[in-house]
Amino acid sequence: MRTIAHLSDLHFGRLDRATVPPLIAAIAAAKPDIVVVSGDLTQRAHRQEFADARAFLADLPSPQIVVPGNHDVPLYNVVARMLRPLARYRRCISGDLEPFYADDEIAVLGVNTARSLTFKNGRINRQQVDRSCARFAPCGPGVTRIIVTHHPFDVPATGDTHGLLGRAGMAMAAFARHGVDLILSGHLHVGRTSDSAARYKVAGHPLLVIQAGTATSTRRRGEVNSCNIVRIDRPHVSVERLSWSSDRGSFAVAAIDRFRRTPDGWMRIVADTSVGAP
């Protein structure tokens, strides 16, 4: 079994600082095999925000897969936005925009979906998809393949579809053909899990799409701060949502979604909302 701590939308610069030490403690307690951070480490891509985000990452377990989000691109510095959109991210966080981790059970690949020309939404291109599929090609049939992006491949049924990742359909079709199992993303500040077959009518291998809420930002959009603990014991996957309680000053399990891969796709075993909010 492998355990992934999935955080997103930290937004250093627009931070609820009370959440940070308890979040670090909760992640450590989960004993993850890998930590995934799916973008928006900063609020406005300022130097100090990146420095604070880097210090935070240093307090989390390793290895880590980290990708940038749209907030990690300068908003008001037009020259930097057009010519060096991720210069500070590369300098402070990582120069690798396609980080990769693999062992004998999981393979995790980060993909940068932040773009200079879009202020909010993101995009994936054919070259990125081709490189991603090629990166997974040497992995054996028992390895769970996982893509990490900031921008989502799915939105709630009542949500604005303009929030979907640009060219998501093209990417999803290719990922389904090449046996990708999970996609981890953020951006919406909403935690949810869905089967790709509900939105994408493509042949092949259906994917489980897992979104994390904002772990530490004050921009909560109707949900408390949260993160995911994803446990993979092929063919089973569970997603534990750790939610913040300001009264208790801690993160605790608020809900668990459990799935099993079948020949017909992902079957939800139980949506355990009886756990209760912390």
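Everything in this summary refers to the structure shown in the same document. For clarity, every value in this text was computed on a predicted model and none was experimentally measured.

Here's the deal with the pattern of salt bridges
Any two side chains of opposite charge can pair, so long as their charged atoms come close to each other. This structure, assessed with the given rule, holds twelve salt bridges. Here Glu-105 ties to Arg-2 by a salt bridge, and the two come within 3.2 Å at their closest N and O atoms. A residue pair is termed long-range when its members are at least 10 positions apart, and Glu-105 in the loop between β4 (100-102) and β5 (106-110) and Arg-2 in strand β1 (residues 2-7) qualify at 103 residues. On the basis of relative accessible area, Glu-105 is assigned to the partly exposed category, the value being 26%. Overlapping salt bridges bring together Arg-2, Asp-103, Asp-104 and Glu-105 as one network.

Side note on the environment of Gln-64
Among the secondary structure elements, Gln-64 is positioned in strand β3 (residues 64-67). For Gln-64, a relative accessible area of 23% translates into the label partly exposed. Among all residues touching Gln-64, those that are not within four sequence positions of it are Ile-34, Val-35 and Leu-57. Only 3.4 Å separates the side chain of Gln-64 from the backbone oxygen of Leu-60, close enough to count as a polar contact. Side-chain polar atoms of Gln-64 contact the backbone oxygen of Pro-61, separated by 3.1 Å.

Some points on the pairing of strand β2 (residues 34-38)
Most of β2 is tucked away, with five of its five residues classed as buried. Both faces of β2 are covered, namely the face carrying Ile-34, Val-36 and Ser-38 and the face carrying Val-35 and Val-37. As defined by bridge partners, β1 adjoins β2 across four bridges and the pair is classed as parallel. In the sheet register, His-6 faces β2, and the bridge partner there is Val-36. Pairing geometry for β2 and β3, over four bridges, is parallel. When the bridges of β3 are listed, Val-36 appears paired with Ile-65.

A word on unusual backbone geometry
Cis geometry marks the peptide bond from Ser-62 to Pro-63, where omega comes out at 5 degrees. Along the chain, Pro-63 turns up in the loop between α2 (47-58) and β3. Positioned with a positive phi, Lys-31 is a non-glycine residue whose angle comes to about 50 degrees. For Lys-31, the location among the structural elements is in the loop between α1 (20-30) and β2. Not every positive phi belongs to a glycine, and His-187 is a case in point at roughly 80 degrees. In this fold, His-187 is placed in the loop between β7 (182-185) and β8 (192-195). His-187 sits in the buried class, given a relative accessible area of 4%.

Quick word on the sheet that holds β8
Sheet strands pair via backbone hydrogen bonds, and the direction of the pair is either parallel or antiparallel. Spatially, six strands are ordered β4-β5-β6-β7-β9-β8 in an open sheet, and the strand pairing comes out mixed. Looking at strand neighbours, the two that pair on one side only are β4 and β8, the edges of this open sheet. Pairwise comparison of adjacent strand axes, ignoring direction, gives a mean angle of 15 degrees for this sheet. The pairing of β4 with β5 spans three bridges and is classified as antiparallel.

With respect to the nonpolar core
Counting residues in hydrophobic clusters, the biggest one holds 34 residues, and the most contacted among them are Leu-7, Ile-27, Leu-41, Phe-56 and Ile-93. Listed by contribution, the elements that provide at least two residues to this core are β1, α1, β2, α2, α4 (87-92), β10 (226-233) and β11 (236-245). The element contributing the most residues to this core is α1, with six residues. Ranked by size, the runner-up nonpolar core spans 27 residues in total, among them Val-143, Val-155, Ala-171 and Phe-175.

Observations concerning the packing of aromatic side chains
Two aromatic rings are characterised by how far apart their centres lie and by the angle between their planes. Considering all chains together, one arrives at five aromatic pairs under this definition. A ring pair is formed by Phe-153 and Phe-175, whose centres lie 6.3 Å apart and whose planes are at 50 degrees; its orientation type is tilted. Taken as a pair, Phe-153 in the loop between β6 (144-148) and α6 (168-177) and Phe-175 in helix α6 lie far apart in primary sequence, 22 residues in all. Phe-153 sits in the buried class, given a relative accessible area of 0%. On the accessibility criterion, Phe-175 (0% relative accessible area) is buried.

Calculation rules
- For every chain, the first residue of the written sequence is number 1, and numbering continues from 1 onward in sequence order.
- The predicted nature of this model means local features are confined to residues of pLDDT at least 70 and side-chain atom pairs, given and counted, to a pLDDT of 80 or more, with totals for whole chains, interfaces and linings taken over all residues.
- Side-chain calculation: all heavy atoms of the structure are included, whereas hydrogens and water are not.
- What counts as a salt bridge is simple: a side-chain nitrogen of Lys or Arg found within 4 Å of a carboxyl oxygen of Asp or Glu.
- Under the scheme used here, helices are H or I runs from DSSP no shorter than 4 residues and strands are E runs no shorter than 2 residues, and both carry numbers assigned from the N terminus.
- Each residue is placed in one exposure class: buried if its accessible area under a 1.4 Å probe, protein chains only, is under 20% of its type's maximum, exposed if it is over 50%, and partly exposed if it falls in between.
- Contacts are assigned to residue pairs with any non-hydrogen atoms lying within 4.5 Å of each other.
- N or O atoms within 3.5 Å of each other form a polar contact, as long as, within protein, one can give a hydrogen and the other can take it, and as long as residues adjacent in sequence are counted only when both atoms are side-chain atoms.
- DSSP bridges decide pairing: two strands pair if at least two such bridges lie between them.
- With axes taken as lines fitted to C-alpha atoms, and helix axes fitted only over the stretch in contact, angles between N-to-C directions fall between 0 and 180 degrees.
- Grouping buried Ala, Val, Leu, Ile, Met, Phe, Trp, Tyr and Cys residues that are joined through side-chain atoms within 4.5 Å yields what is termed a nonpolar core.
- Any pair of Phe, Tyr and Trp rings, taking the six-membered ring for Trp, is counted once the centres come within 6.5 Å. Such a pair is stacked with planes under 30 degrees apart, edge-to-face with planes over 60 apart, and tilted for the rest.

These values are about where atoms sit, not about what they do.
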